[in-house]
Amino acid sequence: MKMRLKAKKVLLTSAKGGSGKTTTAYNLAAFAANDGFKVGIIDLDTQGALTSWWRMRPAEAPEIRHFHAGMNDFGRAFEAAERAELDLVIVDTPPAVEAFDGAIRLLVRLADICLVPSNQGGVDPSVATHWLKFLKREGARAACILNRAKTNSRSFQPTKIELQFAGKLCPFEVRDLEDIKETVTLGVGVVELVKANGVGDYRGVWAFVRSELGLGEAEG
Ligand SMILES: Nc1ncnc2c1ncn2[C@@H]1O[C@H](COP(=O)(O)OP(=O)(O)OP(=O)(O)O)[C@@H](O)[C@H]1O
Ligand SMILES: [Mg+2]
């Protein structure tokens, strides 16, 4: 019998609300599930946006296991996910996560990779830079993802350069797209929509995450 390895854990985290943590979490989960991986999502945000998305998931869509807990009692959700013998667990965190000092430090140590989405322009890239420095100090493996990218706008290239200097930057950005925005009420990732814009964007991000984690082919 083949021994199942421990699930790889991806933590979505940022010090900025609305940066795209939940959207990135479920789109990566959908990609992984469609590639045949046993996937779970853990929602640590009491507002439950990821949980609401999961509840709308169509019955015929590839299975994604779901766990919900608070930032201060995430242990039981992690244990339940461990018992489910998954390949990959994607963890979503609430905004203002820096308020949960002890919990976030523990979480980043448990994660195989921390992903920090950043919107383009405004204060977002500098907040992401600050957060990446914190993650580095904590000894975490971390990478930034430029989200809601407006590739034709003036701030696109400077934002990428700023994030590149801050640490590891996912080489694929996710554009600001209506089709991505709409998935939140559908319970699917863009990869599960017919002819949706943004599939290639997340395919790139998923390929990056997969290679960072050394995740080979799904066992099936
Ligand atoms: N690439 C994108 N294109 C279009 N809309 C997007 C994209 N990414 C996120 N959004 C939209 O931006 C808003 C914020 O995204 P999301 O909820 O994923 O951020 P968050 O970091 O989880 O927020 P919070 O900190 O409040 O939990 C949502 O309305 C979402 O649909
Ligand atoms: Mg969220």
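Since we're looking at a predicted model, the values are computed, not measured.

**Student:** Break down the nonpolar core for me, with residues and values.
**Tutor:** In this structure, Leu11, Ile42, Leu44, Ile104, Leu107, Cys114 and Leu135 are the most contacted members of the largest nonpolar core, which totals 37 residues. Counting residues per element, the ones that place at least two in this core are α3 (74-83), β4 (88-92), α4 (101-110), β5 (113-118), α5 (124-137), β6 (142-146) and α6 (156-166). Those residues within four positions of Ile42 in sequence are excluded, and the remaining contacts are Leu50, Phe67, Ala77, Phe78, Ala81, Val89, Ile90, Val91 and Asp92. Formed by 35 residues, the second largest nonpolar core is a distinct cluster that contains Ala29, Trp53, Val174 and Val190.

**Student:** Describe the sheet that holds strand β2 (residues 39-43), listing the residues and the values that go with them.
**Tutor:** An order of β3-β2-β4-β1-β5-β6 is seen for the six strands of this open sheet, with the pairing classed as parallel. With partners counted over all chains shown, the strands left at the sheet margins are β3 (64-68) and β6, one partner each. The sheet shows a mean angle of 25° between the axes of neighbouring strands, direction not considered. One ladder, built from five bridges, connects β5 with β6; its direction is parallel. Bridge pairing links Cys114 to Ala142 in β6. Taken strand by strand, helix α1 (residues 21-34) contacts β1 (8-12), β2, β3, β4, β5 and β6, and its axis lies near 165° from that of β4.

**Student:** Lay out the layout of surface pockets with the relevant residues and their values.
**Tutor:** In this model, the largest pocket occupies a volume close to 500 Å³. Of all elements in the fold, only α1 and α7 (178-182) reach the threshold of two or more residues within the lining of the largest pocket. Top element by residues in the lining of the largest pocket is α1. It accounts for four residues. Residues belonging to the lining of the largest pocket are distributed by class as follows: seven nonpolar, nine polar and six charged.

**Student:** How would you summarise the environment of Glu79 if you had to cite specific residues and measurements?
**Tutor:** With respect to the helices, strands and loops of the structure, Glu79 is situated in helix α3. For the pair Glu79 and Val116, spaced 37 residues apart in the sequence, the C-alpha separation amounts to 24 Å.

**Student:** Before we move on, could you go through the side chain of Asp124 and cite the residues and values that matter?
**Tutor:** Residue position: Asp124 is located in helix α5. Despite its burial, Asp124 remains without a salt bridge, the nearest opposite charge being carried by Lys16 at 4.1 Å. Excluding anything up to four places from it in sequence, Asp124 contacts Lys16, Ser118 and Asn119.

**Student:** Can you lay out empty space enclosed by the protein for me, pointing to particular residues and giving the numbers?
**Tutor:** Within this structure, the stated rule accounts for one cavity of 30 Å³ or more. What lines the largest cavity is simply Ser14, Ala15, Lys16, Ser19, Pro117, Ser118, Asp124, Val127, Ala128 and Trp131. If you list the elements that add at least two residues to the lining of the largest cavity, you get β5 and α5. The element that contributes the greatest number of residues to the lining of the largest cavity is α5, accounting for four residues.

**Student:** I'd like a rundown of unusual backbone geometry, residues and numbers included.
**Tutor:** At Arg148, a position not held by glycine, the phi torsion is positive, near 55°. Examined against the element boundaries, Arg148 turns out to sit in the loop between β6 and α6. Here Lys195, not a glycine, exhibits a phi torsion of approximately 50°, which is positive. Considering the arrangement of structural elements, one finds Lys195 in the loop between α7 and α8 (199-213).

**Student:** Outline the site of ligand 1, supporting the account with residue identities and numerical values.
**Tutor:** Of all residues adjacent to ligand 1, which total 17 residues, the nearest are Lys21, Thr22, Thr23, Arg175 and Lys181. The separation between an oxygen atom of ligand 1 and a polar main-chain atom of Ser19 is 3.0 Å. The backbone of Gly20 places a nitrogen or oxygen atom 3.0 Å from an oxygen atom of ligand 1. Summarising the interface, the protein chains cover 83% of the accessible area of ligand 1, which totals 630 Å² for the free molecule. Placement of ligand 1 is best described as lying within the largest pocket. Counting residues per element, the ones that place at least two in the shell around ligand 1 are α1 and α7. The dominant element in the shell around ligand 1, judged by the number of residues it contributes, is α1, at three residues. Partitioned by chemical class, the residues of the shell around ligand 1 number four nonpolar, seven polar and six charged.

The rules behind these values
Residues numbered from 1 in each chain as written. Chains lettered and ligands numbered in written order. Predicted model: local features only at pLDDT ≥ 70, side-chain atom pairs only at ≥ 80, totals over all residues. Heavy atoms only, no water. Core = buried A, V, L, I, M, F, W, Y, C linked by side-chain atoms within 4.5 Å. Buried < 20%, exposed > 50% of the residue type's maximum accessible area, 1.4 Å probe, protein only. Helix = DSSP H or I, 4+ residues; strand = E, 2+ residues; numbered from the N terminus. Contact = heavy atoms within 4.5 Å. Pairing = 2+ DSSP bridges. Axes fitted to C-alpha atoms, helices over the stretch in contact; angles between N-to-C directions. 1 Å grid on protein atoms, 1.4 Å probe; cavity = no way out; pocket = protein on both sides within 12 Å on 5 of 7 lines; lining within 4 Å. Points joined across faces, edges and corners; volume = space filled by probe spheres on them. Nonpolar A, V, L, I, M, F, W, Y, C, P; charged D, E, K, R; others polar. Lys, Arg positive; Asp, Glu negative; His and termini not counted. Salt bridge = Lys/Arg side-chain N within 4 Å of Asp/Glu carboxyl O. Near = heavy atom within 4 Å. Polar contact = N/O pair within 3.5 Å; in protein donor to acceptor, adjacent residues only side chain to side chain. Areas by Shrake-Rupley, 256 points an atom, 1.4 Å probe, with all protein chains shown as cover. Sits in = over half its atoms within 2 Å of the grid points.

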